[in-house]
Amino acid sequence: MITLRLSIMMFLQFFIWGGWFVTLGTYLSNTLQANGGQIGMAFSTQSWGAIIAPFIVGLIADRFFNAERILGLLHLVGAALMYFMYQASDFASFYPYVLAYMIAYMPTLALVNSVSFGQMDDPSKQFGKVRVWGTVGWIVAGLMISYVFSWDSAQSIANGMLKNTFLLCSIASLALGIFSFTLPKTPPQSSDKAVGVRDVLGLDALALLKDKNFLVFFLSSVLICIPLAFYYQNANPFLTEIGVENATGKMTLGQVSEVLFMLALPVFLNRFGIKATLVIGMAAWVIRYALFAFGNADDALFMLIIGIALHGICYDFFFVSGQIYTNAKAGEAVKSAAQGLITLATYGVGMLAGFAVAGAITDSYTLESGAHSWQQVWLFPAAFAAVVLVLFAILFKSEKVEADAQP
């Protein structure tokens with residue numbers, strides 16, 4: 001029964017995110033007539049949320065409140081903000097709401113984990129069975145948008161129907177907010193040591209950067225977030241603009257791929273080592289964007305589908321294996337600090353820079369008609385990822401890192 005309730009929590013948590021974030025660029029461009037820079041600003045709210053989230057969780061939730069209560073409160077606030085996003089008529093009125101929403105939403109990613117871990121005797125074996133329902137929620141949201149409501153069809157987009165994604169997610173957020181208060185009690189973590197800003201930012205892990213290998217990995221992680229931002233920001237608008245039908249539904253193939261390659265990741269790490277696994281992950285980014293650059297919605301649609309399906313390798317083989325590598329390098333004393341530091345550097349600083357670059361590049365290849373020279377847009381992150389890959393392959397020395405099925 002507990003597992004079922006936690007699974008419902010995870011399903012709704014990621015249904016909400018997948019139900020509006022994937023089509024955000026398409027909505028902003030077509031309905032609110034936002035330019036690339038403005039779309040980049042909207043997506044970068046994820047990064048601001050990631051930067052602020054540790055303070056909410058580490059300095060407030062973990063010390064003063066039950067995790068399930070603050071989870072419920074944040075989702076109720078999120079439901080209201082999502083409804084205001086649904087009502088916004090231009091980018092100027094939309095942006096403050098999406099910024100406030102992501103500041104409220106990003107802390108909930110850690111909170112659902114805290115609630116789950118608090119009910120598990122052996123999280124390493126049990127958590128995966130619960131967390132997978134989050135991925136299912138994301139997939140279901142995409143399939144509903146494309147195949148149930150058809151909000152991402154050309155005619156529906158022209159009629160502004162994508163705004164309904166915010167209403168759908170507002171309802172889901174309200175449901176999760178109420179449901180959260182029924183979850184098992186997860187009291188604040190008791191600790192004799194007060195948590196400070198230094199702990200929240202993971203500054204105790206900065207000493208790891210004295211290790212040349214870890215420094216190379218750390219900088220590569222930040223830089224590879226720039227190509228990553230191009231996918232989040234531009235993939236759905238790109239597929240929609242060139243005429244791919246049910247683009248949002250097709251993009252769920254990326255989440256299916258993520259689950260499959262997560263299962264394969266320990267095998268790769270143990271057989272080929274951390275360097276080869278990270279290199280494969282970065283190489284997948286180069287190949288994906290090359291496929292996007294030269295694919296089309298007709299005879300080369302298969303290239304786009306392969307590019308989407310590469311998401312599992314792109315994400316799991318670099319970011320998840322990177323978490324495992326960080327865990328192994330840090331040691332018991334600074335494990336949490338190290339994970340906090342790498343998360344802040346990637347999803348915070350790296351993605352913030354990435355969305356700014358993606359917005360600028362997209363604007364520079366916007367035609368007078370409002371369409372885009374997508375080949376040029378995608379060749380930039382392909383080339384950028386290739387440079388990061390080559391530098392990493394040269395500078396990073398092979399190490400042995402053992403991995404089980406859970407990072």
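Provided above is the structure to which this section pertains.
Rules used throughout
- Residues numbered from 1 in each chain as written.
- Predicted model: local features only at pLDDT ≥ 70, side-chain atom pairs only at ≥ 80, totals over all residues.
- Heavy atoms only, no water.
- Helix = DSSP H or I, 4+ residues; strand = E, 2+ residues; numbered from the N terminus.
- Buried < 20%, exposed > 50% of the residue type's maximum accessible area, 1.4 Å probe, protein only.
- Contact = heavy atoms within 4.5 Å.
- Phe/Tyr/Trp six-rings, centres within 6.5 Å; stacked < 30°, edge-to-face > 60°.
- Core = buried A, V, L, I, M, F, W, Y, C linked by side-chain atoms within 4.5 Å.
- Axes fitted to C-alpha atoms, helices over the stretch in contact; angles between N-to-C directions.
- Parallel < 35°, antiparallel > 145°, perpendicular 65-115°, else oblique.
- Left-handed = near helix turned anticlockwise from the far one by under 90°.
- Nonpolar A, V, L, I, M, F, W, Y, C, P; charged D, E, K, R; others polar.
- Salt bridge = Lys/Arg side-chain N within 4 Å of Asp/Glu carboxyl O.

(A) Representation of the side chain of S44 in the model. Mapped onto the elements, S44 comes out in helix α3 (residues 36-64). Judged by relative accessible area, which is 8%, S44 ranks as buried. In contact with S44, other than residues within four places in its own chain, are L352 and F355.

(B) Broad picture of the packing of aromatic side chains. All told, the structure shown has 44 aromatic pairs when counted by the stated rule. Their ring planes at 40° and their centres at 5.6 Å tell us that F238 and F292 sit as a pair that is tilted. Pair noted here: F238 is in helix α10 (residues 212-241) and F292 is in helix α12 (residues 253-294), with a separation of 54 residues, a long-range link. Comparing F238 with F292, the two get one shared label, buried.

(C) Summary view of the nonpolar core. In this structure, M9, W17, W20, L28 and F94 are the most contacted members of the largest nonpolar core, which totals 130 residues. Counting residues per element, this core draws most heavily on α10, which supplies 16 residues. In contact with W20, not counting residues within four places along its chain, are M82, M85, V98, Y101, M102, T165, F166 and C169.

(D) Fine view of the packing of helix α5 (residues 91-117) against helix α6 (residues 123-148). Two numbers describe how α5 lies on α6: the axes approach to 10 Å, and their chain directions differ by 125°. Classed by the angle they form, the pair α5 and α6 counts as oblique. Seen along the crossing, α5 lies across α6 with a hand that is right-handed. For the pair formed by α5 and α6, the contact residues are N113, S116 and F117 on the first element and P123, F127 and V130 on the second. Class assignment of the residues belonging to the contact of α5 with α6 gives a composition of four nonpolar, two polar and no charged.

(E) How the structure looks around the pattern of salt bridges. Taken as a whole and judged by the stated rule, the model has three salt bridges. Measuring nitrogen to oxygen at the nearest pair gives 3.3 Å for the salt bridge that ties E399 to K329. A residue pair is termed long-range when its members are at least 10 positions apart, and E399 in the segment after α16 (374-395) and K329 in helix α14 (residues 311-330) qualify at 70 residues. Connected through salt bridges with shared partners, the residues D211, K329 and E399 form a single ionic network.

Interpretation note: all reported values are geometric properties and have no functional meaning in isolation.
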